[in-house]
Amino acid sequence: MQFYKNLLLKKFIRVIGLSSFLIILLAACSSDETGGENEDKHLHFLYNFATNSLDPNVDSSYVPIRAGITETLVRLDEENLTISPWLAESWEGDDGKNWILHLREDITFHNGKPMDAEAVKASLERTIEESSAMKNALKIESIEADGYTLHITTSEPFPEFVSELVNPNVSIIDVTEEDIINHPVGTGPFELASFSPGSKLEVTRYDDYWDGASPLDGVTFSFNEDANARTMALLSDQVDIVYRPEVESLGELEAKGNITVESTATFRVHQMTMNMERESLKDVNVRRAVDALIDKQEIVDSILLGHAEPAKGPFLPSLPFAPSYGDKPSGPDAAKEYLEEAGYTMEDGVMQKDGEQLSFTLLTYPARADLPLIAQVFQSDAEQLGIDVEIRQIDIPEEYMASNRDWDLATYSNLTAPRGDAGYYLNATYHPTGALNFSGAEIPELTAIIDELNQTVDQEKRNELAEQAADYVDENAINSFVLHPYTIVAYNDEKVKNWVTTKSEYYMITNELDVK
């Protein structure tokens, strides 16, 4: 408990020490964005992940859709947890293999070109050419275009094909444009005016937007991965909306008088990803020991200050495919028993086997400020059991974990049901072809459950299969699930109008967003 207190005290001191410096720095950086009384209707949104690419088909930041530049064929109806029309107005595919999508006929790209079936076909083909992950996810065998109708055949019966089109990586763009990385041309309410990689982008209203032009003239969408800096930017009126401010600062933000703080449950889990290709973690009892060492409730209370709930599995308990988990042994004593089952013994304060200390390399990244703190807590608790944990900070976890196997554990945050369905997470994280299968799971029994899920239409049966898969992950401790964090957004309520914090975290800068 004292470790948590010291950790929070250190963070508080860091916030106070940075305050004056950040106010000066942010004022200098944004001096060109403030003007006189006749300035345009404009908002400044500060996000927690930086990106060096705006290629919507491959980039994991999803900034183009979040900034209102691009759109997908269908979108998530977050109230009903179903998919709803967006660029496509309707679709058919009773056999789960042959699909017909009817596109809206009144849509143009930001360059004025029509978004017809040929243009959408070219965009989808680029997606599966550029991204092996999306190629595996969509399972498209062929596409035919006819006016404003698409005929798509999948390589196998795949009832959830249309829901996969919600993925921001399937954003529809004009692929004839030359510089998609720095200047994608989409169909959204805002078109890109400029992009400074790693810093910000400026978007302006697209007057011919098919669903009604935005009341705003433009939006600055900037990045800062330091939660303290994001908080100070809002406190000093340099920005209007901040995504994930420093948790410890929420009281100070609310006390300012003109700031609203929203804390919203989302389809996300913070997990401890385990690299099952590492020798020690091939033993299920070592993985169970790692899970037992994580004091989930204490982390929720002390690091997230209650803005989360402890996780027993990847899915929120309220979702229909979340299993009902029983209680498992936890704490240092339980972890020690698991390690003894794996052949480890404590000698002179060191947890060892065959004369070698049990040690882990633990990856974390700063864009989610709570993840490095979770890593530090785990390191401290493991040390009490004689386990050596080296924390290594990385910048882009997806890139690092996919291309490097020199790590054991990683604090990672993942959307688990962004389409209101379990298929996305299970395929991406545990199928051998999954883009987020960083644990290296390749387990025939689990793969068979997921493959059956992919070909099942009946929703009740899909829920049963998803539960089976989640139970298998739990029983075999393939990953450890720490907590379901709430998304915290703070904004200037004297200026911002119609902001909505979404559960999917996809839809941010919309044509409804306005200033008072």
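Not measured: the values here are computed from a predicted model.

1. Details of the packing of helix α8 (residues 284-293) against helix α10 (residues 332-341)
A pair of packed helices is captured by two measures, namely the crossing angle of their axes and the spacing between those axes.
Then, number 1: The interhelical angle for the contact between α8 and α10, taken along N-to-C directions, is 170 degrees, at an axis separation of 8 Å. For the element pair α8 / α10, the angle class is roughly antiparallel. Every residue of α10 that contacts α8 at N285, V286, R288, A289, A292 and L293 is listed here: P332, A334, A335, Y338, L339 and E341.
Then, number 2: Residues that form the contact of α8 with α10 fall into these classes: nine nonpolar, one polar and two charged.

2. Quick look at the pattern of salt bridges
Pairs can form between side chains of opposite charge once their charged atoms are near each other.
Then, number 1: Applying the stated criterion to the full structure yields 21 salt bridges.
Then, number 2: Of the charged contacts, one joins R244 and E505 as a salt bridge, the two residues approaching to 2.6 Å between their closest N and O atoms. With R244 in the loop between β11 (241-243) and α7 (250-255) and E505 in the loop between β22 (496-497) and β23 (514-515), the pair connects residues that are 261 residues apart, well separated along the chain. For the pair formed by R244 and E505, the shared burial category is buried.
Then, number 3: Residue D327 is joined to K312 by a salt bridge in which the shortest nitrogen-to-oxygen separation is 3.5 Å. Residue D327 is found in the loop between β14 (308-310) and α10, and its partner K312 is found in the loop between β14 and α10; the two are separated by 15 residues along the sequence.
Then, number 4: Bridged by salt links that share partners, the residues D291, K296, K328 and D474 form one connected network.

3. So, a negative patch on the surface
Then, number 1: Judged by side-chain charge, E89, E105, D106, D211 and E512 come together as a negatively charged surface patch.
Then, number 2: Secondary-structure assignment places E89 in strand β4 (residues 88-92).

4. Points about the packing of aromatic side chains
Then, number 1: Counted under the stated rule, the structure contains 19 aromatic pairs.
Then, number 2: Summarising the aromatic geometry, the rings of F45 and F221 are spaced 4.8 Å apart at their centres and angled 40 degrees between planes, so their arrangement reads as tilted. One end of the pair, F45, is in strand β1 (residues 42-47); the other, F221, is in strand β10 (residues 218-223), with 176 residues separating them in the sequence. Like F221, F45 is buried.
Then, number 3: Pairing Y412 with F438 gives two aromatic rings, centres 5.6 Å apart and planes at 85 degrees, and the pair type is edge-to-face. A residue pair is termed long-range when its members are at least 10 positions apart, and Y412 in strand β20 (residues 409-415) and F438 in the loop between α13 (423-430) and α14 (444-454) qualify at 26 residues. Here Y412 matches F438 in class, with each residue buried.

5. A look at the environment of D240
Then, number 1: Along the chain, D240 falls in the loop between α6 (227-235) and β11.
Then, number 2: Residue classification places D240 among the buried residues on the basis of a relative accessible area of 8%.
Then, number 3: On a C-alpha basis, the gap between D240 and M276 in space is 43 Å, while along the polypeptide they are 36 residues apart.
Then, number 4: Apart from the residues within four sequence positions on either side, D240 is in contact with H42, L43, H44, L234, A490, Y491, N492, K495 and V496.
Then, number 5: Polar side-chain contacts of D240 include one of 2.8 Å to the backbone nitrogen of H44.

6. Focus on helix α15 (residues 459-475)
Then, number 1: Compared with an ideal rise of 1.5 Å per residue, which puts 17 residues at 24 Å, α15 spans 24 Å between its outermost C-alpha atoms and is within 8% of the ideal.
Then, number 2: Every buried residue of α15 is listed here: R462, N463, L465, A466, A469, A470, Y472, V473 and D474.
Then, number 3: On its buried side, α15 packs onto α13, α14 and β21 (479-492).
Then, number 4: Measuring from the backbone nitrogen of E460 back to the side-chain oxygen at the start of α15 gives 3.3 Å, which picks out D458 as the cap.
Then, number 5: Trailing α15 by a residue or two, A477 shows a phi angle of about 45 degrees, which is positive.

7. Regarding the sheet that holds β4
Then, number 1: Strand order in the open sheet formed by four strands is β4-β5-β7-β6, with antiparallel pairing between adjacent strands. Looking along the sheet, the strands with just one partner apiece sit at the ends: β4 and β6 (140-146). With direction set aside, neighbouring strand axes in the sheet form an average angle of 20 degrees.
Then, number 2: Bridging between β6 and strand β7 (residues 149-154) involves six bridges; their strand directions are antiparallel. Bridge pairing in β7 places A145 opposite L150.

8. Brief notes about the sheet that holds strand β15 (residues 345-347)
Then, number 1: Pairing is antiparallel across the open sheet formed by three strands, whose spatial order is β15-β16-β17. Where the open sheet ends on each side, the last strands, each with one partner, are β15 and β17 (356-357).
Then, number 2: In this sheet, β17 lies alongside strand β16 (residues 350-353) in antiparallel orientation, the contact comprising two bridges. Looking at the pairing, Q352 lines up with Q357 of β17.

9. Let's talk about empty space enclosed by the protein
Then, number 1: In this structure the tally under the stated criterion is four cavities of 30 Å³ or more.
Then, number 2: Looking at the largest cavity, its volume works out to about 220 Å³.
Then, number 3: As for the largest cavity, its lining consists of 21 residues, of which R244, P245, V247, L304 and D370 are closest to the centre.
Then, number 4: The set of elements that each furnish at least two residues to the lining of the largest cavity consists of α6, β13 (268-274), α11 (370-383) and β21.
Then, number 5: Here the residues of the lining of the largest cavity are counted per class, giving eleven nonpolar, two polar and eight charged.

Criteria and thresholds
Residues numbered from 1 in each chain as written. Predicted model: local features only at pLDDT ≥ 70, side-chain atom pairs only at ≥ 80, totals over all residues. Heavy atoms only, no water. Axes fitted to C-alpha atoms, helices over the stretch in contact; angles between N-to-C directions. Helix = DSSP H or I, 4+ residues; strand = E, 2+ residues; numbered from the N terminus. Parallel < 35°, antiparallel > 145°, perpendicular 65-115°, else oblique. Contact = heavy atoms within 4.5 Å. Nonpolar A, V, L, I, M, F, W, Y, C, P; charged D, E, K, R; others polar. Salt bridge = Lys/Arg side-chain N within 4 Å of Asp/Glu carboxyl O. Buried < 20%, exposed > 50% of the residue type's maximum accessible area, 1.4 Å probe, protein only. Patch = residues over 30% accessible without salt bridge, like charges linked within 9 Å, V, L, I, M, F, W, Y side chains within 5 Å. Areas by Shrake-Rupley, 256 points an atom, 1.4 Å probe, with all protein chains shown as cover. Lys, Arg positive; Asp, Glu negative; His and termini not counted. Charge placed at Lys NZ, Arg CZ, Asp CG, Glu CD. Phe/Tyr/Trp six-rings, centres within 6.5 Å; stacked < 30°, edge-to-face > 60°. Polar contact = N/O pair within 3.5 Å; in protein donor to acceptor, adjacent residues only side chain to side chain. Expected span 1.5 Å × (residues − 1). Pairing = 2+ DSSP bridges. 1 Å grid on protein atoms, 1.4 Å probe; cavity = no way out; pocket = protein on both sides within 12 Å on 5 of 7 lines; lining within 4 Å. Points joined across faces, edges and corners; volume = space filled by probe spheres on them.

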